[in-house]
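# Fold and contact review
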Amino acid sequence: MSAVILDGKALGLRIEAELAERVSALKESGVEPHLAVVLAGDDPASHVYVRNKQRACERTGIKSTRVDLPNNVTQEDLMRVVANLNSDNSVHGILVQSPTPYGTDELAITEAIDPSKDVDGFHPTNLGRLVMGQVDGMLPCTPAGVMKIIEDASIDLQGKKAVVIGRSRIVGMPLALLLAQKGVDATVTIAHSRTQDIAGICRTADLVVAAIGRAEAIQAEWIKPGATVIDVGINRVADDSRESGSRLTGDIEPEAANIAGHITPVPGGVGPMTISMLMSNTVRAAELRLN
Ligand code: GUN
């Protein structure tokens, strides 16, 4: 393995230590940063993610409240919960864990969240601000975490070729905007399931980010020697050699670490940074309320 490992877990803990100091300062001013997490249904992965978010709240001193709702929750019930959290002045951040149960309208729920409490950064107002080049607001957590990893490693992307594989409104699209923004200045290609010759595009890219949710779909041999490789995927695959019978793997073949210059591990790369950015948005939301 020759690539430098971009340790998102360590960076996330460093960021959280800084946040804990800001949380203390807020508390001294009489404000207790407070994140409300709404978890509807019994998706096992969502329960794990929410638990990890609550643990990060504990590490940083942020108060967290969890609203558990049944799998058969109605759209009206979800909208009512969001409306109550919007009007609760003790709550600074609201997160409705995705996916919401079958039959509910996730986009409508996202739009119902007060943009100043939208710590996921998914509200059209916050995504719109990003399109307008205003990057000081609530940025979506995974793209913001990827940018922090790149910045922390002092990787210069000015004029470089970046490919973002995946065009979701949560990861791929906002990340492409952040990479192309003034000051970062990458030349960005957004690749997706209909893209022809993804291999050829990757072979010329100085930065490859994969966010497609397909285990090891991006082949190591597509990576340009020395390129930076960021793997947003977290996929569980069968592995008989493990006691658990399974293991976690990314969207990129792990052998890419033999070719890349820098690479994020899975797990321990982008995942922990997503949570640290959620904490960061929550602290910021509380600070903005104070000012
Ligand atoms: N489900 C998986 N990741 C996320 C996330 O970052 N935010 C929300 N709200 N739901 C998710």
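An account of the accompanying structure is given in this report.

What counts, and at which threshold
- Residues numbered from 1 in each chain as written.
- Predicted model: local features only at pLDDT ≥ 70, side-chain atom pairs only at ≥ 80, totals over all residues.
- Heavy atoms only, no water.
- Disulfide = S-S within 2.5 Å.
- Axes fitted to C-alpha atoms, helices over the stretch in contact; angles between N-to-C directions.
- Helix = DSSP H or I, 4+ residues; strand = E, 2+ residues; numbered from the N terminus.
- Parallel < 35°, antiparallel > 145°, perpendicular 65-115°, else oblique.
- Left-handed = near helix turned anticlockwise from the far one by under 90°.
- Contact = heavy atoms within 4.5 Å.
- Nonpolar A, V, L, I, M, F, W, Y, C, P; charged D, E, K, R; others polar.
- Near = heavy atom within 4 Å.
- Polar contact = N/O pair within 3.5 Å; in protein donor to acceptor, adjacent residues only side chain to side chain.
- Areas by Shrake-Rupley, 256 points an atom, 1.4 Å probe, with all protein chains shown as cover.
- 1 Å grid on protein atoms, 1.4 Å probe; cavity = no way out; pocket = protein on both sides within 12 Å on 5 of 7 lines; lining within 4 Å.
- Sits in = over half its atoms within 2 Å of the grid points.
- Points joined across faces, edges and corners; volume = space filled by probe spheres on them.
- Pairing = 2+ DSSP bridges.

### Some thoughts on the state of the cysteines
With the rule as written, the count across this model stands at 0 disulfides. Counting only cysteine sulfurs, Cys141 is the nearest neighbor of Cys57, a cysteine outside any disulfide, at a range of 11 Å.

### What about the packing of helix H5 (residues 124-131) against helix H7 (residues 172-180)?
Interhelical geometry of H5 versus H7 gives an angle of 30 degrees and a closest axis separation of 10 Å. Comparing their axes, H7 and H5 come out roughly parallel. For H5 against H7, the interelement crossing comes out left-handed. Residues Leu127, Leu130 and Val131 of H5 lie in contact with H7, whose contacting residues are Pro174, Leu177 and Leu178. Its residues assigned to classes, the contact of H5 with H7 shows 6 nonpolar, no polar and no charged.

### Some thoughts on the site of the ligand
Near the ligand the following residues occur: Lys53, Leu95, Val96, Gln97, Ser98, Asp120 and Phe122. Here a nitrogen atom of the ligand and a side-chain polar atom of Gln97 are 3.0 Å apart. Here Asp120 contributes a side-chain N or O atom positioned 2.6 Å from a nitrogen atom of the ligand. Taken by itself the ligand offers 280 Å² of open surface, and the protein chains cover 80% of this. When atoms are counted within 2 Å of each cavity's grid points, the one that captures over half of the ligand is the largest pocket.

### Focus on empty space enclosed by the protein
Over the atoms, a rolling probe the size of a water molecule traces out where space has been left empty. By the definition in use, this model includes 1 cavity of 30 Å³ or more. Considering only enclosed or pocket space, the largest cavity measures out at about 110 Å³ in volume. Lining of the largest cavity is provided by Val96, Ser98, Thr100, Glu106, Ile109, Thr110, Ile113, Asp118, Asp120, Phe122, Arg169 and Ile170. Considering each element in turn, the lining of the largest cavity owes the most residues, 3 residues, to helix H4 (residues 106-112). Counted by class, the lining of the largest cavity contains 5 nonpolar, 3 polar and 4 charged residues.

### Structural notes on the sheet that holds strand E3 (residues 63-69)
Read across the sheet, 3 strands follow the order E3-E2-E4 without closing on themselves; strand pairing throughout is parallel. In this open sheet, the two edge strands, each paired with only one partner strand, are E3 and strand E4 (93-96). In this sheet, adjacent strand axes meet at a mean angle of 15 degrees when their direction is disregarded. Sheet topology places strand E2 (residues 34-40) next to E3; 7 bridges connect them, and they run parallel. What sits directly across from Val38, in E3, is Val67.

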